[in-house]
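Chain residues, written in single-letter form:
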Amino acid sequence: MKTCLVLIDVQESFRQRPYFTSTDLPAFMAAQNTLIQACLTQGVPLVRVLHVDGPPLASNPFALASGLVRPLAELQPFEASATFHKHRHSALVGTGLEVWLTQHSIQTLIISGIRTEQCCETTARHASDLGWGVRFCLDATLTWDMQHLDGTVLSAADIKARTAAVLKDRFARICTVAQALDDVISS
């Protein structure tokens, strides 16, 4: 089984959002960096996906002109096998990633990154629908609290639990970094 790690939107742009907090950032970065290092050691290709959206102005943190569409400072440096810019939630829409995965005979994707319930979940669903095996590395995803329509808070932990519940055994195998790495080693 040929596997690829897809790092979605692990970028400085998010620090500029009003909802950004560093509460869960250390655990996320530890998991993400462990995953990266192990994949590098095992020869698993690493694909970087960065979100570019909105007006192309320096004041827009998701515009290339801002200088913030770059990896988070805490992310372990690595040479990506490929880098893609996306403009939609799924990393497979209009980026060329689908073509790249097919050309490289990738069968399984390990999904990690920011935001758990948005771009990571959407990419996992899309990849599954296109026929790839998906390992959704929950501890290597990050999100933040949101508000329900009535104003009550939906915690990041609850969002991650909900994402795991709706993806599990339908669109992805939900796994920890350690489980994802065990799959890579045993394949």
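Residues numbered from 1 in each chain as written. Predicted model: local features only at pLDDT ≥ 70, side-chain atom pairs only at ≥ 80, totals over all residues. Heavy atoms only, no water.

Draft legend 1. Structural view of the overall build of the protein chain. Secondary structure assignment for the protein chain yields five helices and eight strands. From first element to last, N terminus to C terminus, the protein chain shows the α and β order β-α-β-β-α-β-α-β-β-β-α-β-α. By the compact-globule yardstick of 16 Å for 187 residues, the protein chain fits well, its C-alpha radius of gyration being 16 Å. Its C-alpha atoms put the protein chain at 45 × 35 × 30 Å along the principal axes. For the protein chain, the accessible area works out to roughly 8,600 Å², and carbon and sulfur atoms hold 54% of it. Here the protein chain carries 15 positive and 17 negative side-chain charges, and the mean point of each set is 3 Å from the other. (Helix = DSSP H or I, 4+ residues; strand = E, 2+ residues; numbered from the N terminus. Rg over C-alpha atoms; globule rule 2.2 N^0.38 Å. Areas by Shrake-Rupley, 256 points an atom, 1.4 Å probe, with all protein chains shown as cover. Lys, Arg positive; Asp, Glu negative; His and termini not counted. Charge placed at Lys NZ, Arg CZ, Asp CG, Glu CD.)

Draft legend 2. Spotlight on the side chain of Gln32. In this fold, Gln32 is placed in helix 1 (residues 25-42). Every residue in contact with Gln32, bar those within four places of it in the chain, is listed here: Leu7, Val10, Leu75, Ser112, Gly113 and Ala140. (Contact = heavy atoms within 4.5 Å.)

Draft legend 3. Representation of the packing of aromatic side chains in the model. In this structure the tally under the stated criterion is four aromatic pairs. Both rings, one in Phe20 and one in Trp144, keep their centres 5.5 Å apart while their planes meet at 50°; by these two values the pair is tilted. Remark: Trp144 occurs in the loop between strand 5 (133-142) and strand 6 (146-147) and Phe20 occurs in the loop between strand 1 (3-8) and helix 1; sequence separation between them is 124 residues. Note on Trp144: relative accessible area 3%, which makes it buried. (Phe/Tyr/Trp six-rings, centres within 6.5 Å; stacked < 30°, edge-to-face > 60°. Buried < 20%, exposed > 50% of the residue type's maximum accessible area, 1.4 Å probe, protein only.)

Draft legend 4. Molecular detail of the environment of Pro55. Note on placement: Pro55 falls in the loop between strand 2 (46-51) and strand 3 (82-86). Of the residues examined, Pro55 reaches a relative accessible area of 44% and is grouped as partly exposed. Through-space distance from the C-alpha of Pro55 to that of Ala65 is 9.6 Å; in sequence the pair is ten residues apart. In contact with Pro55, other than residues within four places in its own chain, are Asn60 and Ala63.

Draft legend 5. Spotlight on the state of the cysteines. This structure, assessed with the given rule, holds zero disulfides. Residue Cys119 stays outside any disulfide, its sulfur separated by 7.0 Å from that of Cys120, the closest cysteine. With a relative accessible area of 6%, Cys119 lands in the buried category. Among the cysteines around Cys137, which has no disulfide bond, Cys175 carries the closest sulfur, lying 4.5 Å off. (Disulfide = S-S within 2.5 Å.)

Draft legend 6. Region of interest: the packing of helix 1 against helix 5 (residues 177-186). It is at 10 Å that the axes of helix 1 and helix 5 come closest, and there the two elements cross at 10°. The angle between the axes of helix 1 and helix 5 places the two elements in the roughly parallel class. From helix 1, Ala31, Thr34, Leu35, Ala38, Cys39 and Gln42 reach across to helix 5, where they touch Val177, Leu181, Val184 and Ile185. (Axes fitted to C-alpha atoms, helices over the stretch in contact; angles between N-to-C directions. Parallel < 35°, antiparallel > 145°, perpendicular 65-115°, else oblique.)

Draft legend 7. Highlighting the nonpolar core. Ranked by size, the top nonpolar core spans 30 residues in total, and within it Leu5, Phe28, Leu35, Cys39, Ile110 and Cys137 carry the most contacts. Listing elements by their share of this core, those giving two or more residues are strand 1, helix 1, strand 4 (108-114), strand 5 and helix 5. Here the element with the most residues in this core is helix 1; it accounts for seven residues. With 27 residues, the next largest nonpolar core counts Cys4, Val47, Cys119 and Ala127 among its residues. (Core = buried A, V, L, I, M, F, W, Y, C linked by side-chain atoms within 4.5 Å.)

Draft legend 8. A look at the environment of Arg170. Among the secondary structure elements, Arg170 is positioned in the loop between helix 4 (156-167) and strand 8 (173-175). Under the relative-accessibility criterion, Arg170 is labelled exposed at 57%. As for Arg170 and Asp129, which are separated by 41 residues in sequence, their C-alpha atoms are 9.9 Å apart. Excluding residues within four positions of it along the chain, Arg170 makes contact with Ser128 and Ala165. Of note is the side chain of Arg170, whose polar atom sits 3.5 Å from the backbone oxygen of Val166. (Polar contact = N/O pair within 3.5 Å; in protein donor to acceptor, adjacent residues only side chain to side chain.)

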